[in-house]
There are 2 protein chains.
Amino acid sequence: MNSYDILISHDIKPSVQRLAILEYLYAYPTHPTADEIYNALSPSIPTLSKTTVYNTLKLFTLNKVAQAITIDEHTEHFDGDTSVHAHFLCKKCGKIYDATIKGETIPGEDKFKDEGHIINEAYLYYKGICKDCQK
Amino acid sequence: MNSYDILISHDIKPSVQRLAILEYLYAYPTHPTADEIYNALSPSIPTLSKTTVYNTLKLFTLNKVAQAITIDEHTEHFDGDTSVHAHFLCKKCGKIYDATIKGETIPGEDKFKDEGHIINEAYLYYKGICKDCQK
DNA sequence: GTGCTTGCAAATCGTTTGCAATAGC
DNA sequence: GCTATTGCAAACGATTTGCAAGCAC
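Residues numbered from 1 in each chain as written. Chains lettered and ligands numbered in written order. Predicted model: local features only at pLDDT ≥ 70, side-chain atom pairs only at ≥ 80, totals over all residues. Heavy atoms only, no water.

Asker: Can you break down the sheet that holds strand β3 (residues 85-90) of chain A residue by residue, with the values?
Answerer: The sheet built from six strands is open, its strands ordered β4(A)-β3(A)-β5(A)-β5(B)-β3(B)-β4(B) with mixed pairing. In this open sheet, the two edge strands, each paired with only one partner strand, are β4 (96-100) of chain A together with β4 (96-100) of chain B. Between one strand axis and the next, the sheet turns through 25° on average, direction left out of account. By the bridge criterion, eleven bridges tie strand β5 (residues 118-129) of chain A to strand β5 (residues 118-129) of chain B in an arrangement that is antiparallel. Bridging across to β5(B), Tyr123(A) finds its partner in Tyr125(B). (Pairing = 2+ DSSP bridges. Helix = DSSP H or I, 4+ residues; strand = E, 2+ residues; numbered from the N terminus. Axes fitted to C-alpha atoms, helices over the stretch in contact; angles between N-to-C directions.)

Here is the structure:
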């Protein structure tokens, strides 16, 4: 399914800006920030404003086209993969790595459900020093 | 062990402000923000400044006396319990609930370790609607 | 032409920084 | 007295808001 149809299927009206941002998220699954996306797309869409990038990412997040990663305390990162998966942040280089969760249960989930809470989102964050930064 | 000894054992020089903040974290394990702590302690310590609260919480976090909870995208919350445990944020009332993890493995951890990354911190966040807000 | 989208500029707000005053051994 | 801590005011920076202009059906 292409970006255009993905937006349609999530009830989002496609536009040049929205398509470009979504395609960027798929092309560069490095969990970019709003700023990084803006800087990357700005040359090809000179009239693009940062406000639009923020608006679009918020829209994507609300409509489950992307998810916001708040592993970094200073900036929000975005991920075009909306599945529940673990993220590892290297505190030295700032890079974020992924790990899929294949059918594993996440600790605490059952306890919260048993208590009567409704869970809509789950996030798993690890922090440390990545392989490359240990050299 | 009292607050004074806890600071000593973590190589932090006790002071009126530091003791008050640590005791607040223990007395009110509701994951307060720097602002909430400042507002709560300000009446009893009129000269207290918000800078000191921020400085102290950062010091506590670095020395593992407290942990920073970044589940809320707008503000940092703090927890006097430094063990790895799950947090649930109610998107309606903003309350944060705890769940302990008793010996359970956290998905993704092994994969990151296998890849050669060194994990120092782990966070588990859930978001949804809490029991009270469903009524 | 109506309603949604865009984008500039200004505002917001949690947090950090510079630096002088203060406190504690 | 020397060093670490405190706290005010100003700076900072990511994100949001107000609003006017533009676009699409």
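Asker: An account of the pattern of salt bridges is needed here, citing residue identities and associated values.
Answerer: Applying the stated criterion across every chain, the model contains 16 salt bridges over all chains. Notably, a salt bridge pairs Glu73(A) with Lys127(A), separated by 3.1 Å at the nearest N-O pair. Within this pair, whereas Glu73(A) is found in the loop between β1 (67-69) and β2 (77-79), its partner Lys127(A) is found in strand β5, the two being separated by 54 residues in sequence. When the shortest N-O distance is used, the salt bridge between Lys102(B) and Glu104(B) registers 2.7 Å. (Salt bridge = Lys/Arg side-chain N within 4 Å of Asp/Glu carboxyl O.)

Asker: Would you mind going over the protein's contact with DNA strand C in detail, with residue names and values included?
Answerer: Around DNA strand C sit 15 residues, and of these Ser15(A), Arg18(A), Thr47(A), Ser49(A) and Tyr54(B) come closest. Counting only atoms of DNA strand C within 4 Å of the protein, the sugar-phosphate share comes to 77%. A distance of 3.2 Å is found between a phosphate oxygen of DNA strand C and a side-chain nitrogen or oxygen belonging to Gln17(A). Going through the elements one at a time, α2 (16-27) and α4 (50-62) of chain A together with α4 (50-62) of chain B are the ones with two or more residues in the surface near DNA strand C. It is α4(B) that provides the largest number of residues to the surface near DNA strand C, a total of three residues. Looking at side-chain class alone, the surface near DNA strand C contains two nonpolar, nine polar and four charged residues. (Near = heavy atom within 4 Å. Polar contact = N/O pair within 3.5 Å; in protein donor to acceptor, adjacent residues only side chain to side chain. Nonpolar A, V, L, I, M, F, W, Y, C, P; charged D, E, K, R; others polar.)

Asker: Which residues make up the interface of chain A and chain B, and what values do they have?
Answerer: Many analyses report the size of an interface as the accessible area lost when the parts associate. Between chain A and chain B, the residue contacts involve 37 residues of the former and 37 residues of the latter. Here chain A and chain B share an interface that buries about 3300 Å² over both sides, 59% of which is from carbon and sulfur atoms. Summed over the shared surface of chain A and chain B, the number is two salt bridges. Notably, a salt bridge pairs Lys91(A) with Glu121(B), separated by 2.6 Å at the nearest N-O pair. Elements represented by at least two residues in the side of chain A that touches chain B include exactly β3, β4, α5 (109-114) and β5 of chain A. (Contact = heavy atoms within 4.5 Å. Buried area = accessible area lost by both parts, 1.4 Å probe.)

Asker: Lay out the side chain of Lys127(B) in plain terms, naming residues and giving numbers.
Answerer: Lys127(B) sits in the buried class, given a relative accessible area of 6%. Engagement of the side chain of Lys127(B) in a polar contact is seen with the side chain of Glu73(B), the distance being 3.1 Å. The residues touching Lys127(B), leaving out its near neighbours within four places in the chain, are Ile118(A), Ile119(A), Asn120(A), Glu121(A), Tyr123(A), Ile71(B), Glu73(B), Phe88(B), Leu89(B) and Lys91(B). (Buried < 20%, exposed > 50% of the residue type's maximum accessible area, 1.4 Å probe, protein only.)

Asker: Explain the pairing of β4(A) to me, and be specific about the residues and the numbers.
Answerer: All names here are of chain A. Where β3 lies against β4, five bridges are found, and the strand directions are antiparallel. Bridged to His85 within β4 is Thr100. Connecting the antiparallel pair β3 and β4 is a turn made up of five residues, with Gly94 showing a positive phi of about 80°.

Asker: If you had to explain the packing of aromatic side chains to someone new, which residues and values would you point to?
Answerer: In total, this model carries eleven aromatic pairs over all chains according to the counting rule given. Summarising the aromatic geometry, the rings of Phe88(A) and Tyr97(A) are spaced 6.1 Å apart at their centres and angled 55° between planes, so their arrangement reads as tilted. Accessibility expressed as a relative area gives 0% for Phe88(A), which makes it buried. By relative accessible area, which is 18% here, Tyr97(A) ends up buried. Among the aromatic residues, those joined into a ring-pair cluster are Phe88(A), Tyr97(A), Tyr126(A) and Phe112(B). (Phe/Tyr/Trp six-rings, centres within 6.5 Å; stacked < 30°, edge-to-face > 60°.)

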